[in-house]
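Examining the three-dimensional arrangement
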Amino acid sequence: MVSMLLLYRKLRNLTLKKLVIVLILTVASFNEFIVYTFQSYRWPSVSKYRDSQEEMLILLISDPQLIGIQDEFGFPIGLLARWDSDNYLRKTFSRIYHHTLPDVIVFLGDIMDEGSKATDYEYESYVQRFDSIFYEKKYAKTIVIPGDNDIGGEGGDFRTAFKIGRFERYFENLTGVVSQGFIDFLKLDNQRAKDLVLETKKLLSDVASQLKSPYRIIINHESMITKPKGSVYPFLRIARPNIIFTGHWHWSQMFTCDTCLADDDDYNNWPYHARDISKMVDFIDVEFNSEIALSEIMVPTCSYRMGVPNMGYGVAVINKSGQMKYTVMWLPARYTLLYIYIVMLVIVTFLLLLDFICSPSRKDLYR
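None of these values were measured; they are calculated from a predicted model.

Right, let's talk about the pairing of strand β13 (residues 324–330) for a bit. The buried fraction of β13 amounts to six of the seven residues, a majority that puts the element mostly inside the structure. With seven bridges connecting them, strand β12 (residues 312–319) and β13 associate as antiparallel partners. Each residue of the ladder has a partner; that of Gly312, found in β13, is Trp330. Two successive antiparallel strands, β12 and β13, enclose a turn made up of four residues, where Gly322 displays a positive phi of approximately 105 degrees.

And the structure:
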């Protein structure tokens, strides 16, 4: 009874201006802090006390596409847009990192939105933002591959030696094998080599000589299984991967090919099945030890600026025995939160206008 009385007195003393302040603080707290904590409670749990020699957790990040300067609105809209997008990526990545404590972090390309056409000064600033946003990546083995937005390759945005060299100078080689524990990660830039027969043969020879681990994972920006058989089969036949991870399309998909690894010269037979996994809420088991079947998992974008309804980070847990589990840790819908800000501003404007009209000092002017 006493508490109810105190609450009544506080509400009676609540002025319109105080109500506006309370409303702003409540919405800002929810949009910028509480909603991310609520969302993290919905993520599937993972063991943080695993033996990295027996089980490996891989955090997969696709298409962060840090907003550039050239195609964005000018000051102050562009500055605010870059800040908000970077802040969203920073908050979500930090939470997902501490939730999973990954052994390996893989960036599946399109790190920057304007990396392909950026000036040297802009490019360096984008790299600095990348390192700042994904700060915790320095605590885990990190692999970065490029996408078309980073080095060109889509439409009229052609690749050049300069773009490729700049990416490799700031990050790492486009192709090669990265070994970690019992897994070889294969970076196969098949787009660059697809029209170069000699380069393709050398690439395949180099890859084959570097494969030492029991399991092999291909990481590529663009989908591989969905391409014509002739453009990817030579890679798959020699590499014989256990799984493929890709990005680029921005949504969550899984492709399964029953005969991708079979010794077959029929280049017209390339059957694969697509599965929409954009609604998954828990781990799924993925076939990892088949002799001829192969699955490709497409990781969704983690950036709300791509305009898709579902953003997230892919998480794969692989046991040394060959068992693999995969899920997506989904993220809050930032555009919905921004709409809440707009509604709040409308309400605040109405309340302040009402307070101005009804203020005693204004009434005294008409006496």
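Picking up after the structure, the text goes on.
On to the pairing of strand β4 (residues 176–180), then. The sheet contact formed by β4 and strand β5 (residues 183–187) spans five bridges and is antiparallel. Note on β5: the bridge partner recorded for Ser179 is Asp184. Here β4 folds back onto β5, and the loop between the two strands holds two residues, one of which, Gly181, carries a positive phi near 60 degrees.

So, on to the pattern of salt bridges. Using the criterion set out here, one finds 13 salt bridges in the structure. Measuring nitrogen to oxygen at the nearest pair gives 3.0 Å for the salt bridge that ties Glu32 to Arg334. With Glu32 in helix α2 (residues 16–41) and Arg334 in helix α10 (residues 334–358), this pair connects stretches of sequence that are 302 residues apart. In this structure, Glu32 and Arg334 share a single accessibility class: buried.

Let us look at the confidence of the model for the protein chain. Across the protein chain, the average pLDDT comes to 88, with 90% of residues at 70 or higher. Ranking the elements of the protein chain by mean pLDDT puts helix α1 (residues 2–12) last with 53 and strand β2 (residues 104–108) first with 98.

Within this numbering scheme, the UniProt entry marks residues 20–38 and 338–358 as carrying the feature "transmembrane region" (unreviewed entry). With 100% helix and 0% strand, the stretch residues 20–38 has end C-alpha atoms that lie 25 Å from each other.

The next point concerns a nonpolar patch on the surface. A grouping of Phe30, Phe33, Ile34, Phe38, Tyr41 and Ile340 is seen on the molecular surface, where their side chains present a nonpolar patch of about 620 Å² in accessible area. At five residues, α2 tops the list of elements feeding residues into the nonpolar patch. Structurally, Ile340 is set in helix α10.

Mapped onto the secondary structure, Lys91 falls in helix α3 (residues 77–100). When sequence neighbours within four positions are dropped, the list of residues in contact with Lys91 reads Glu32 and Tyr36.

So, on to the sheet that holds β2. Within the open sheet, the six strands sit side by side as β3-β2-β1-β12-β13-β10. Their pairing is mixed. Since the sheet does not close on itself, it has two edges, and those belong to β3 (141–145) and β10 (284–286), each with one partner. Sheet twist, expressed as the average angle between the axes of neighbouring strands with direction ignored, equals 25 degrees. Relative to β12, strand β1 (residues 55–61) is paired through six bridges, and the arrangement is antiparallel. Opposite Leu60, over in β12, you have Gly314 as the bridge partner.

Going through the model one piece at a time under the given rule, you end up with one disulfide. Across the disulfide, Cys257 is cross-linked to Cys260 (sulfur-sulfur distance 2.3 Å). In this structure the cystine formed by Cys257 and Cys260 twists about its S-S bond by roughly 105 degrees; its chirality is therefore right-handed. Pair check on accessibility: Cys257 and Cys260 agree, each one buried.

Cut-offs and rules
Starting afresh in each chain, residues are numbered from 1 along the sequence in its written order. Per-residue local features of the predicted model are confined to residues with pLDDT of at least 70, and side-chain atom pairs are confined, for both listing and counting, to 80 or more; whole-chain, interface and lining totals are unaffected and use all residues. Computation of side-chain values: all heavy atoms of the structure, hydrogens and water removed. Burial here depends on accessible area, computed with a 1.4 Å probe over protein chains only, as a share of the maximum for the residue type. Under 20% is buried, over 50% is exposed, and the range in between is partly exposed. A helix here means a DSSP run of H or I that spans at least four residues, while a strand means a run of E at least two residues long, and both kinds are numbered starting from the N terminus. Strand pairing is defined by DSSP finding a minimum of two bridges between the two strands. In the sections that follow, a salt bridge refers to a side-chain nitrogen of Lys or Arg positioned within 4 Å of a carboxyl oxygen of Asp or Glu. Confidence of the predictor at the level of single residues is given by pLDDT, which spans 0 to 100. UniProt positions are given in the numbering used here, feature names are shortened, and annotations may be inferred rather than shown by experiment. Distance thresholds for patches are 9 Å for like charges and 5 Å for nonpolar side chains (Val, Leu, Ile, Met, Phe, Trp, Tyr), applied to residues having over 30% relative accessible area and no salt bridge. Residue exposure ignores everything except the shown protein chains as possible cover, and the areas themselves are Shrake-Rupley values with a 1.4 Å probe. The contact definition used throughout considers only heavy atoms, calling two residues in contact when any of these lie within 4.5 Å. Angles shown run from 0 to 180 degrees and are taken between the N-to-C directions of axes, each axis being a line fitted to C-alpha atoms and, for helices, limited to the stretch in contact. Disulfide: a pair of cysteine sulfur atoms within 2.5 Å of each other.

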